[in-house]
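An overview of the molecular structure
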Amino acid sequence: MKKLTAQNPSNPTGQNSMSPTVQNPLDPTVRNPVEPTVRSSSSTTPQSPHNLIVLDMAGTTVADGGLVEQAFSVAAERLGVEPGSADHAEKLDYVRATMGESKISVFRHLFGDEALAQQGNAAFEQAYGELVDGGRIAPVPGARDAIERLRAEGRTVVLTTGFARVTQDAILDVLGWRDLADLTLCPADAGGRGRPYPDMVLAAFLRTGAVDGVRQIVVAGDTSYDMLSGVRSGAGIVAGVLTGAHDRDQLTRNGAGHVLGSVAGLPDLIARAEA
């Protein structure tokens, strides 16, 4: 067996000095038995699959017809905010601007005092839950089919929300979606911070182990905060949808690389990205 020796300046080929003479690789009459390997960086290299899909619920996969605003108005009135007042209008504008954010964070900003924020959030979740139980929500057309197709393609789908777990579960139960996705997350499941922080997206990444890197994540939602959370997580595809709170301009200004009519178009978008 040939002994491998360390290379030194006087013997740059690394060959044992007692071994036969090595043929000159630059001699055109000599065929090199080992051809060099060149790694191509051309577009023919297969794209890494986007196998972790993180989707928002209300406004993206779930149509709720403005229930967030209705539930907020109920909660705000219980905290002494008069309906139709300038104070109510100002607070409602903030709610609209921060759609997608953890609701307790919204109430903390609006009311300051932690006890009031907790009281308002509890009233909001109760009011929203009652509206959900009353049949005021429905799947966004094509949403269920899109999720089922994504999972059939071997992708992992995670549903996320800014609502508390009790409200998220109520939505899933009313729609019969308990087993539709691989995982569901609310802010409390990711340490308490909701959007625009990337925590829920990264929690999905860590919990599922579905992909090797964050660039293989797809994030889709209907709000500016959905887009920000996707960008901040490092997701490879951040897509906005026009079935919810914010328009095309708001979505693109906050990081949407794509804007779709609805989540129904997401499987085809991913397929094109991987082609």
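Residues numbered from 1 in each chain as written. Predicted model: local features only at pLDDT ≥ 70, side-chain atom pairs only at ≥ 80, totals over all residues. Heavy atoms only, no water.

Right, let's talk about the packing of aromatic side chains for a bit. Applying the stated criterion across every chain yields a total of six aromatic pairs. The interplanar angle of 55 degrees and the centroid separation of 6.1 Å between the aromatic rings of Phe107 and Phe124 together place this pair among those described as tilted. Residue Phe107 is found in helix H3 (residues 103-111), and its partner Phe124 is found in helix H4 (residues 114-133); the two are separated by 17 residues along the sequence. Given the relative accessible area of 1%, Phe124 is considered buried. Taking the centre distance of 4.5 Å and the plane angle of 40 degrees together, the rings of Tyr128 and Phe163 count as tilted. Taken together, the residues Tyr128 in helix H4 and Phe163 in the loop between strand E4 (156-160) and helix H6 (165-175) connect sequence positions 35 residues apart. Accessibility classification places Tyr128 together with Phe163 in one group, the buried group. Ring pairs connect the aromatic residues Phe72, Phe107, Phe111, Phe124, Tyr128 and Phe163, which therefore count as one cluster. A cation over an aromatic ring shows up here: Arg193 above the ring of Tyr197, its NZ or CZ 3.9 Å from the ring centre. (Phe/Tyr/Trp six-rings, centres within 6.5 Å; stacked < 30°, edge-to-face > 60°. Helix = DSSP H or I, 4+ residues; strand = E, 2+ residues; numbered from the N terminus. Buried < 20%, exposed > 50% of the residue type's maximum accessible area, 1.4 Å probe, protein only. Lys NZ or Arg CZ within 6 Å of the ring centre and 35° of its normal.)

For Thr61, the position within the fold is in the loop between strand E1 (52-56) and strand E2 (62-63). With relative accessibility at 0%, the residue Thr61 sits in the buried group. Only 3.1 Å separates the side chain of Thr61 from the backbone oxygen of Asp56, close enough to count as a polar contact. Those residues in contact with Thr61, other than ones at most four positions away along the chain, are Leu55, Asp56, Pro139, Val140, Ala143, Ile147, Leu159, Trp177 and Val263. (Polar contact = N/O pair within 3.5 Å; in protein donor to acceptor, adjacent residues only side chain to side chain. Contact = heavy atoms within 4.5 Å.)

Bringing the layout of surface pockets into the picture now. Considered as a void within the structure, the largest pocket measures approximately 300 Å³ in volume. Ala58, Asp64, Val68, Met99 and Asp222 are the residues nearest the centre of the largest pocket, which is lined by 25 residues in total. Going through the elements one at a time, E2 and helix H1 (67-78) are the ones with two or more residues in the lining of the largest pocket. The residue makeup of the lining of the largest pocket, split by class, is seven nonpolar, ten polar and eight charged. (1 Å grid on protein atoms, 1.4 Å probe; cavity = no way out; pocket = protein on both sides within 12 Å on 5 of 7 lines; lining within 4 Å. Points joined across faces, edges and corners; volume = space filled by probe spheres on them. Nonpolar A, V, L, I, M, F, W, Y, C, P; charged D, E, K, R; others polar.)

The next point concerns the pattern of salt bridges. Counted under the stated rule, the structure contains 18 salt bridges. Measuring nitrogen to oxygen at the nearest pair gives 3.0 Å for the salt bridge that ties Arg151 to Asp182. Taken together, the residues Arg151 in helix H5 (residues 143-152) and Asp182 in the loop between H6 and strand E5 (183-185) connect sequence positions 31 residues apart. When its relative accessible area of 32% is taken as the criterion, Arg151 is described as partly exposed. In this structure Asp182 comes out as partly exposed when scored by relative accessible area, which is 39%. The residue Asp173 makes a salt bridge to Arg178 at a minimum N-O spacing of 2.6 Å. (Salt bridge = Lys/Arg side-chain N within 4 Å of Asp/Glu carboxyl O.)

A separate point is the packing of H3 against H4. The contact between H3 and H4 brings their axes to 8 Å, and the two run at 135 degrees. Taken together, H3 and H4 sit at an angle that is classed as oblique. The element H3 and its partner H4 pack so that their crossing is right-handed. Residues Lys103, Ile104, Phe107, Arg108 and Phe111 of H3 lie in contact with H4, whose contacting residues are Glu114, Leu116, Ala117, Gln118, Gly120, Asn121, Phe124 and Glu125. Grouping the constituent residues of the contact of H3 with H4 by class yields six nonpolar, three polar and four charged. (Axes fitted to C-alpha atoms, helices over the stretch in contact; angles between N-to-C directions. Parallel < 35°, antiparallel > 145°, perpendicular 65-115°, else oblique. Left-handed = near helix turned anticlockwise from the far one by under 90°.)

All right, on to the pairing of strand E6 (residues 217-221) then. Most of E6 sits out of view: five of its five residues are buried. The alternating pattern of E6 places Ile217, Val219 and Gly221 and Val218 and Ala220 on opposite faces, both of which are buried. One ladder, built from four bridges, connects E1 with E6; its direction is parallel. Of the residues in E6, the one forming a bridge with Leu55 is Ala220. Pairing geometry for E6 and strand E7 (residues 237-241), over four bridges, is parallel. Opposite Ala220, over in E7, you have Ala239 as the bridge partner. With helix H8 (residues 224-233) bridging E6 and its parallel neighbour E7, the resulting β-α-β unit is right-handed. (Pairing = 2+ DSSP bridges. Right-handed = clockwise from strand over helix to strand, strands pointing away.)

Interpretation in functional terms is not warranted from these geometric data alone.
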